[in-house]
Amino acid sequence: MARNDDYDDLRFSDFTTGEKAAIVWNIARMAKRGIASETVHLGDLKRKVERIEKKALKRKEQAAETRRNGK
């Protein structure tokens, strides 16, 4: 499982509008579940957010490599 340290170099501007919306949606779903019960499992929603973060990080790294290579 990925740790938050892996995403420290991500900024809000590194996400697309759709990714931002998906993250907000999933966080809202986590909050709704949290209101319903304190013992509710949030792992599935956390994994969805982590997948979005991984995708944004990969895109950022590819863009940096493209700039370095001059393509």
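In what follows, the accompanying structure is described. Computed from a predicted model, the values in this text were never measured in an experiment.

Examining the pattern of salt bridges
For side chains bearing opposite charge, pairing can occur when the charged atoms are close.
Point 1. One pass over the structure, following the stated rule, counts 3 salt bridges.
Point 2. Here Lys60 and Asp14 are joined by a salt bridge, their closest N and O atoms 3.2 Å apart. Highlighted residues: Lys60 in helix H2 (residues 43-69) and Asp14 in the segment before helix H1 (17-36), separated in sequence by 46 residues.
Point 3. Put simply, Asp44 and Arg33 hold a salt bridge, and the shortest N to O gap is 2.8 Å. In this pair, Asp44 is assigned in helix H2 and Arg33 in helix H1, connecting sequence segments 11 residues apart.
Point 4. For Asp44, a relative accessible area of 25% puts it in the partly exposed group.

Examining a positive patch on the surface
Point 1. On the surface, Arg47, Lys48, Arg51 and Lys54 cluster together into a positively charged patch.
Point 2. Looking at the element boundaries, Lys48 is found in helix H2.

Some words on the environment of Gly43
Point 1. Within the secondary structure, Gly43 sits in helix H2.
Point 2. We classify Gly43 as buried; its relative accessible area is 16%.
Point 3. Placed 13 residues apart in sequence, Gly43 and Met30 show a C-alpha to C-alpha distance of 9.5 Å.

Notes on H1
It helps to recall that an α-helix has 3.6 residues per turn; residues three or four apart then point in one direction.
Point 1. End to end, H1 covers 29 Å across 20 residues, agreeing with the expected 28 Å (1.5 Å per residue, within 8%).
Point 2. Among all positions in H1, only Glu19, Ile23, Asn26 and Met30 are buried. Taken end-on, H1 shows its buried residues confined to a sector of 70°, consistent with a single buried face. Facing away from the buried side of H1 by over 90 degrees, the exposed positions are Thr17, Val24, Trp25, Lys32, Ile35 and Ala36.
Point 3. Those residues of H1 that are buried are in contact with H2.

Thresholds applied
- Residues numbered from 1 in each chain as written.
- Predicted model: local features only at pLDDT ≥ 70, side-chain atom pairs only at ≥ 80, totals over all residues.
- Heavy atoms only, no water.
- Salt bridge = Lys/Arg side-chain N within 4 Å of Asp/Glu carboxyl O.
- Helix = DSSP H or I, 4+ residues; strand = E, 2+ residues; numbered from the N terminus.
- Buried < 20%, exposed > 50% of the residue type's maximum accessible area, 1.4 Å probe, protein only.
- Patch = residues over 30% accessible without salt bridge, like charges linked within 9 Å, V, L, I, M, F, W, Y side chains within 5 Å.
- Areas by Shrake-Rupley, 256 points an atom, 1.4 Å probe, with all protein chains shown as cover.
- Lys, Arg positive; Asp, Glu negative; His and termini not counted.
- Charge placed at Lys NZ, Arg CZ, Asp CG, Glu CD.
- Expected span 1.5 Å × (residues − 1).
- Arc of directions from axis to C-beta.
- Contact = heavy atoms within 4.5 Å.

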